[in-house]
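# Chains, contacts and geometry: an overview
The chain contents come next:
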Amino acid sequence: MASPDNSLPEGYKLQTGYPSTSQYIHLRSVAGLSAKTPSQAAAVPTGSWFGCYITFETTKDDPQLVGMGRVIGDGGWYFHIADMAVHPDHQRKGLGDVILKGLLQHIHREAPADGKPYITLFADEPGRRLYYKNGFVDAAPGQLGMALK
Ligand SMILES: CC(C)(COP(=O)(O)OP(=O)(O)OC[C@H]1O[C@@H](n2cnc3c(N)ncnc32)[C@H](O)[C@@H]1OP(=O)(O)O)[C@@H](O)C(=O)NCCC(=O)NCCS
């Protein structure tokens, strides 16, 4: 399968791994996701199974973080996709699609071949069409996603 990186517009680069704690907190905030503390953010690189992010080359030395996604999982069969976020200034350019395809490609490549990986996510409204396009279906009514209040 072709690398999802090939479909990025010019100036964007797909990287494996996770953004820094401060970049992560900032990206979640500008993308309209709930605020997280530095201690919560510090667990992202240590507690995730896989992640990727996209940077945009600016005139400054420091490339800007513009998108990310990660997988929390056991590496065997259970994989949960989290933190799908693209900076609003860079949305609707296909970056979310590249990130999601990158995560899925890695799962399918690395998960044991003798069983089907179980890949889940909680779909906020802005991401739903992207998830449907990439093969996700509603778990309900057979299953209902739940979160402890
Ligand atoms: C969900 C999210 C990650 C999607 O990121 P994105 O980079 O905008 O995603 P894409 O560009 O791949 O796809 C989004 C739309 O842009 C369209 N698009 C892709 N490339 C395009 C282009 N060059 N020109 C115009 N539109 C384009 C896609 O077809 C898609 O359209 P659709 O929704 O009508 O099907 C982003 O909207 C986001 O961060 N939202 C806020 C945080 C959030 O809710 N995250 C989801 C948590 S579950």
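Summary of the structure given here. Values in this document were obtained by computation on a predicted structure and should not be read as measured data. Along each chain, the written sequence defines residue order, and numbers are assigned to residues from 1. Local features in this predicted model are restricted to residues whose pLDDT is 70 or higher, and side-chain atom pairs enter the listing and the counts only when it is 80 or higher, whereas totals over whole chains, interfaces and linings include all residues. For the side-chain quantities, the full set of heavy atoms in the structure was used; hydrogens and water were omitted.

## Regarding the site of the ligand
Note the cut-off: For this description, a residue counts as near a given molecule or strand if any of its non-hydrogen atoms is within 4 Å of it. Throughout this description, a polar contact denotes any pair of N or O atoms lying within 3.5 Å of each other; where both atoms belong to protein, one of them has to be capable of donating a hydrogen while the other can accept it, and for residues adjacent in sequence the pair is counted only when both atoms sit in side chains. Runs of E in the DSSP output that reach at least two residues are strands. Runs of H or I that reach at least four are helices, and both are numbered from the N terminus. Each residue is assigned to one class: nonpolar for Ala, Val, Leu, Ile, Met, Phe, Trp, Tyr, Cys and Pro, charged for Asp, Glu, Lys and Arg, and polar for all the others, Gly among them.
Around the ligand there are 20 residues in total, and M84, V86, R92, G94 and G96 lie nearest to it. A distance of 2.9 Å is found between a nitrogen atom of the ligand and a backbone nitrogen or oxygen belonging to M84. Take K93: an N or O atom from its main chain is 3.2 Å from an oxygen atom of the ligand. Mapped by element, the contributors of at least two residues to the shell around the ligand are strand 4 (78-86), helix 3 (95-110) and helix 4 (128-133). Across the shell around the ligand, the residue classes break down as 10 nonpolar, 4 polar and 6 charged.

## Quick notes on the packing of aromatic side chains
Put simply, the rule reads: By convention, a stacked pair of Phe, Tyr or Trp rings (six-membered ring in the case of Trp) has centres within 6.5 Å and planes under 30 degrees apart, an edge-to-face pair has planes over 60 apart, and any other such pair is tilted. Summary of the burial criterion: residues with accessible area below 20% of their type's maximum are buried, those above 50% are exposed, and those between are partly exposed, where the area comes from a 1.4 Å probe applied to protein chains only.
Applying the stated criterion across every chain yields a total of 7 aromatic pairs. Centroid distance Y78 to Y118: 5.2 Å. Interplanar angle 80°. Geometry classified as edge-to-face. Separated by 40 residues along the polypeptide, Y78 in strand 4 and Y118 in strand 5 (residues 118-120) bring together distant segments of the chain. What makes Y78 partly exposed here is its relative accessible area of 36%. Among the aromatic side chains, those forming a connected cluster through ring pairs are W49, F50 and F79.

## Focus on the pattern of salt bridges
Heads up, the rule is: What counts as a salt bridge is simple: a side-chain nitrogen of Lys or Arg found within 4 Å of a carboxyl oxygen of Asp or Glu.
Going through the model one piece at a time under the given rule, you end up with 3 salt bridges. The closest approach of N and O atoms between R28 and D83, which form a salt bridge, is 2.5 Å. Pair noted here: R28 is in helix 1 (residues 21-30) and D83 is in strand 4, with a separation of 55 residues, a long-range link. Given a relative accessible area of 11%, R28 falls into the buried group. Note on D83: relative accessible area 9%, which makes it buried.

## A few points about the nonpolar core
Put simply, the test is: The set of buried Ala, Val, Leu, Ile, Met, Phe, Trp, Tyr and Cys residues whose side-chain atoms join them within 4.5 Å is what this entry labels a nonpolar core. In what follows, a contact means two residues having at least one pair of non-hydrogen atoms within 4.5 Å.
Core analysis: the biggest nonpolar cluster contains 25 residues, and I54, I81, M84, L100, L103 and F136 have the highest contact counts within it. Counting residues per element, the ones that place at least two in this core are strand 1 (12-16), strand 2 (50-56), strand 3 (64-73), strand 4, helix 3 and helix 4. Excluding residues that lie within four positions of it along the chain, I54 makes contacts with L8, Y12, K13, L14, Q64, L65, V66, G67, L95, V98 and I99.

## What about the environment of A43?
With respect to the helices, strands and loops of the structure, A43 is situated in helix 2 (residues 38-47). The class for A43 is partly exposed, based on a relative accessible area of 40%. Between the C-alpha atoms of A43 and E110, which are 67 residues apart in sequence, the distance is 22 Å.

## With respect to the sheet that holds strand 5
Short version of the rule: Paired strands are those between which DSSP finds at least two bridges. Here an angle of 0 to 180 degrees is reported between the N-to-C directions of two axes, which are lines fitted to C-alpha atoms, with helices fitted over the stretch in contact.
An order of 1-2-3-4-5 is seen for the 5 strands of this open sheet, with the pairing classed as mixed. If you trace the sheet from one side to the other, it starts and ends with strand 1 and strand 5, each paired once. Within this sheet the neighbouring strands show an average axis-to-axis angle of 20°, counted without direction. Sheet topology places strand 4 next to strand 5; 3 bridges connect them, and they run parallel. Counted as the bridge partner of F79 is I119 from strand 5.

## A short note on the packing of helix 1 against helix 2
Stated precisely, the cut-off is as follows: To sort the angles, those under 35 degrees are grouped as roughly parallel, those over 145 as roughly antiparallel, those from 65 to 115 as roughly perpendicular, and the leftovers as oblique.
Helix 2 packs onto helix 1 with a crossing angle of 110° between their chain directions and a minimal axis gap of 9 Å. With respect to their mutual orientation, helix 1 and helix 2 come out roughly perpendicular. Mapping the contact onto sequence places T21, Y24 and I25 in helix 1 and P38, A41, A42 and V44 in helix 2. In terms of residue class, the contact of helix 1 with helix 2 is made up of 6 nonpolar, 1 polar and no charged.

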